[in-house]
Amino acid sequence: MKAMALFLERQEAAQAEMDSVLGTNDPAYGEEDKLPYFKAVLCECFRWQTVVPLSFPHVTNQDLQYNGYKIPQGTVILANVWGILHDLKIYGSNADNFDPERWLKRDERGWQWDNDLPDLYHLSFGFGTR
Ligand code: HEM
């Protein structure tokens with residue numbers, strides 16, 4: 001809601017794409033590939049102001065080794081989803097900006113989904129079971 005109010009031109013571009021692809025029909029599952037700009041706006045909303053920045057706490061059910069760290073059973077883990085989704089190494093120096101076009105490249109057919117950028121926005125929904 002916040003992004004769509006602040007960046008009306010992005011909302012209008014996504015709406016224009018939906019109108020041209022779907023006409024008056026509702027979208028169906030499996031049609032998102034036909035709506036790259038819309039998908040990019042959605043991904044960017046989840047990335048830019050992720051709803052649960054530290055996700056939900058999880059607890060280790062056994063001793064673990066991860067990246068050289070020893071993590072004992074029973075440790076509470078908070079995943080820094082905000083940090084991952086604003087990582088300068090992944091999203092570049094404009095990581096803090098709302099920029100749906102970072103997910104896309106443009107060619108003679110118009111906007112295309114850019115498969116080079118890691119598809120991490122789903123981290124907004126958490127990790128596995130608790
Ligand atoms: C923008 C939409 C949503 C976001 C970003 C979101 C995010 C999250 C996150 C981060 C978790 C914690 C997952 C984990 O343990 O790592 C979670 C759990 C959960 N969410 Fe959502 N959620 C959304 C929408 C919804 C909706 C619409 C429902 C139900 C109608 C829902 C129901 C639940 C339930 C029941 C859990 C607990 C699952 C479990 O621990 O077994 N969520 N959600």
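Residues numbered from 1 in each chain as written. Predicted model: local features only at pLDDT ≥ 70, side-chain atom pairs only at ≥ 80, totals over all residues. Heavy atoms only, no water.

The name recorded for the protein in an unreviewed UniProt entry is Cytochrome P450, from Tetrapyrgos nigripes. Entered under Cofactor (unreviewed entry) in the UniProt record, the comment concerning the protein runs "heme". (UniProt positions renumbered as here; feature names shortened; annotations may be inferred.)

Enquirer: Could you clarify how one ought to interpret the pattern of salt bridges in this entry?
Expert: When the charged atoms of two side chains lie near each other, side chains of opposite charge can form a pair. Scanning the model with the defined rule gives 11 salt bridges in all. As a salt-bridge pair, Arg47 and Glu44 come within 2.8 Å of each other at their nearest N and O atoms. Placement of the pair is Arg47 and Glu44 together in helix α3 (residues 36-48), with a separation of three residues, close to one helical turn. Look at Arg47 and you get buried, because its relative accessible area is 0%. Judged by relative accessible area, which is 0%, Glu44 ranks as buried. Among the salt bridges present, the one from Asp114 reaches Lys105, with a minimum N-O distance of 3.5 Å. Classification of Lys105 by relative accessible area gives partly exposed; the value is 40%. Look at the salt bridges and you will find they share partners, linking Glu9, Arg10, Asp99 and Glu101 into a network. (Salt bridge = Lys/Arg side-chain N within 4 Å of Asp/Glu carboxyl O. Helix = DSSP H or I, 4+ residues; strand = E, 2+ residues; numbered from the N terminus. Buried < 20%, exposed > 50% of the residue type's maximum accessible area, 1.4 Å probe, protein only.)

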